[in-house]
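Architecture and fold: a report
Chain by chain, the residues run as shown.
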Amino acid sequence: MHTPDVVIHVTESLTQDQQQTIEGKLREVDGVIAPRFNKPHLLVVLYSAKKTTPAALLQAVTTQGYRAQLVGL
């Protein structure tokens with residue numbers, strides 16, 4: 001199974017509760033294995049490339065009302 005990760009930069013300053021909410025919403029996306037903030041604005045998401053895409057992961061963040069972009073793509 002191909003399990004890449006993607007980095008998503010969230011523009012807003014987030015509280016720990018907001019970070020946990022975003023991580024929780026990403027866990028609901030089929031194919032997400034492990035979402036985690038490793039810096040206050042940087043979210044790393046390990047996922048199955050057979051089940052989802054970086055664009056879908058970004059959309060899962062932005063539909064919550066946050067401004068974000070993929071890093072390095």
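Above this text you will find the structure in question.
What counts as what
- Residues numbered from 1 in each chain as written.
- Predicted model: local features only at pLDDT ≥ 70, side-chain atom pairs only at ≥ 80, totals over all residues.
- Heavy atoms only, no water.
- Helix = DSSP H or I, 4+ residues; strand = E, 2+ residues; numbered from the N terminus.
- Rg over C-alpha atoms; globule rule 2.2 N^0.38 Å.
- Buried < 20%, exposed > 50% of the residue type's maximum accessible area, 1.4 Å probe, protein only.
- Contact = heavy atoms within 4.5 Å.
- Areas by Shrake-Rupley, 256 points an atom, 1.4 Å probe, with all protein chains shown as cover.
- Lys, Arg positive; Asp, Glu negative; His and termini not counted.
- Charge placed at Lys NZ, Arg CZ, Asp CG, Glu CD.
- Arc of directions from axis to C-beta.
- Pairing = 2+ DSSP bridges.
- Salt bridge = Lys/Arg side-chain N within 4 Å of Asp/Glu carboxyl O.
- Axes fitted to C-alpha atoms, helices over the stretch in contact; angles between N-to-C directions.

**Observations regarding the overall build of the protein**
For the protein, the helix and strand inventory stands at 2 helices and 4 strands. When the helices and strands of the protein are read in sequence order from the N terminus, they spell out β-α-β-β-α-β. Taking 2.2 N^0.38 as the reference for a compact globule, 73 residues should give roughly 11 Å; the C-alpha atoms of the protein span a radius of gyration of 11 Å, in line with that estimate. Along the three orthogonal principal directions, the C-alpha set of the protein runs to about 35 × 25 × 20 Å. Looking at the protein as a whole, 36% of its 73 residues qualify as buried. Put simply, 59% of the contacts in the protein that link residues at least 6 apart link residues at least 24 apart. Put simply, the protein shows about 4400 Å² of open surface, and 50% of that area lies on carbon and sulfur atoms. Computed over 7 positive and 6 negative side-chain charges, the inter-centroid distance for the protein is 5 Å.

**Here we look at helix α2 (residues 54-62)**
Turning to α2, its buried residues number three or more, namely Pro54, Leu57, Leu58, Ala60 and Val61. All buried residues of α2 fall inside an arc of 155 degrees around its axis, so they share one side. Against the buried residues of α2 lie β1 (5-10), α1 (16-27), β2 (32-39), β3 (42-47) and β4 (68-71).

**Concerning the pairing of β2**
Across 6 bridges, β2 lies against β3 in antiparallel orientation. Bridge pairing in β3 places Phe37 opposite Leu43.

**Some remarks on the side chain of Thr52**
In this fold, Thr52 is placed in the loop between β3 and α2. Classification of Thr52 as buried rests on a relative accessible area of 8%. Here Thr52 is in contact with Val29, Asp30, Gly31, Tyr47 and Leu57, once residues within four sequence places are set aside.

**A look at the pattern of salt bridges**
Scanning the model with the defined rule gives 1 salt bridge in all. Note that Glu12 is salt-bridged to Arg67, the shortest N-O span being 3.2 Å. Placement of Glu12 in the loop between β1 and α1 and of Arg67 in the loop between α2 and β4 is noted, with a sequence separation of 55 residues between them.

**Regarding the sheet that holds β4**
Strand order in the open sheet made by the 4 strands is β2-β3-β1-β4, with antiparallel pairing throughout. The two strands at the open ends of the sheet, each matched to only one other strand, are β2 and β4. Across the sheet, the mean angle separating the axes of adjacent strands is 25 degrees when strand polarity is ignored. Sitting on the sheet, α1 touches β2 and β3, and the angle it makes with β2 is about 160 degrees. Packing against the sheet, α2 makes contact with β1, β2, β3 and β4, and its axis sits at approximately 155 degrees to β4.

On their own, these measurements won't tell you what the molecule is for.
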